[in-house]
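One letter stands for each residue in the lines below.
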Amino acid sequence: MKARATLPEREPRGLLGRKCVRGLWLVVLLPSLFGCNHLERFDNRDGSAFCGNVIAAEFVRQGFDNLPRLQLRLDMTSLDRLPGRLVSDDAKDGPCKPKALFENAQLRVSTKLQADPLSQLTFGDQSEMNLLTWVDSTCDGTYLAVVSLMRNDDVEVRLMRSQAGPKHDEQGPFGLFKLTHHDTDCGF
């Protein structure tokens, strides 16, 4: 009698699905693991900080009329969870006075986006990496903070919060901050 060839048993869909998800994570994470060493130059665990102002143009500073400055400290070892902290210098005239809008506010990476193509968002060829994060303000709710690590060693931070106006138009704050590296904090 001839032996019959048998097909290998199929794995249950749930197990196969889990293997595919694990494989997807490897495809997403491996390039970043090998490419992150060059991003260490953005790390601020040495006491340095990125400091700068909101851009003065009205279309990129809605809701930031007092032209606040921003301090960002990044921890490059925690890019996938808690990549940094924000401080603003608007305690005297900002929306949360007598407190600043951001007082050592922790940036949180959106875990929901980590496996989504949106997490690989790019802005032209000047940014090396963009982080989509959430940050809680002192009194004005949670903001979306897009942190762009730029090829020229600067950092851009876009802060926005959604708020519908009386005619369902967008009235939430939006600000673009251009930050440069300082050896110490920003002085506020």
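Quick look at the structure, then.

1. A short note on the state of the cysteines
In total, this model carries 2 disulfides according to the counting rule given. Between the sulfur atoms of C51 and its disulfide mate C186 the distance is 1.8 Å. Taking the torsion about the S-S bond as the criterion, the C51 to C186 disulfide, at about -90°, is left-handed. Of this pair, C51 sits in strand β1 (residues 49-54) while C186 sits in the segment after β9 (174-182), placing them 135 residues apart in sequence.

2. Topic: the side chain of N130
Structurally, N130 is set in strand β6 (residues 127-136). Of the polar contacts made by the side chain of N130, one reaches the side chain of S127; its length is 3.3 Å. A polar contact of 2.5 Å, which involves the side chain of N130, links it to the side chain of S148. Not counting chain neighbours up to four residues away, the residues in contact with N130 comprise S119, L121, T122, F123, V147 and S148.

3. Description of the pattern of salt bridges
A side chain with one charge may pair with a side chain of the opposite charge, provided their charged atoms come close. Applying the stated rule across the entire model yields 11 salt bridges. Residue R41 is joined to E128 by a salt bridge in which the shortest nitrogen-to-oxygen separation is 2.2 Å. Highlighted residues: R41 in the loop between α1 (13-35) and β1 and E128 in strand β6, separated in sequence by 87 residues. Residue R41 is classed as partly exposed on the basis of its relative accessible area, which comes to 33%. Here the salt bridges do not stand alone but share partners, grouping E40, D43, R45 and D75 into one network.

Calculation rules
- Residues numbered from 1 in each chain as written.
- Predicted model: local features only at pLDDT ≥ 70, side-chain atom pairs only at ≥ 80, totals over all residues.
- Heavy atoms only, no water.
- Disulfide = S-S within 2.5 Å.
- Helix = DSSP H or I, 4+ residues; strand = E, 2+ residues; numbered from the N terminus.
- Polar contact = N/O pair within 3.5 Å; in protein donor to acceptor, adjacent residues only side chain to side chain.
- Contact = heavy atoms within 4.5 Å.
- Salt bridge = Lys/Arg side-chain N within 4 Å of Asp/Glu carboxyl O.
- Buried < 20%, exposed > 50% of the residue type's maximum accessible area, 1.4 Å probe, protein only.

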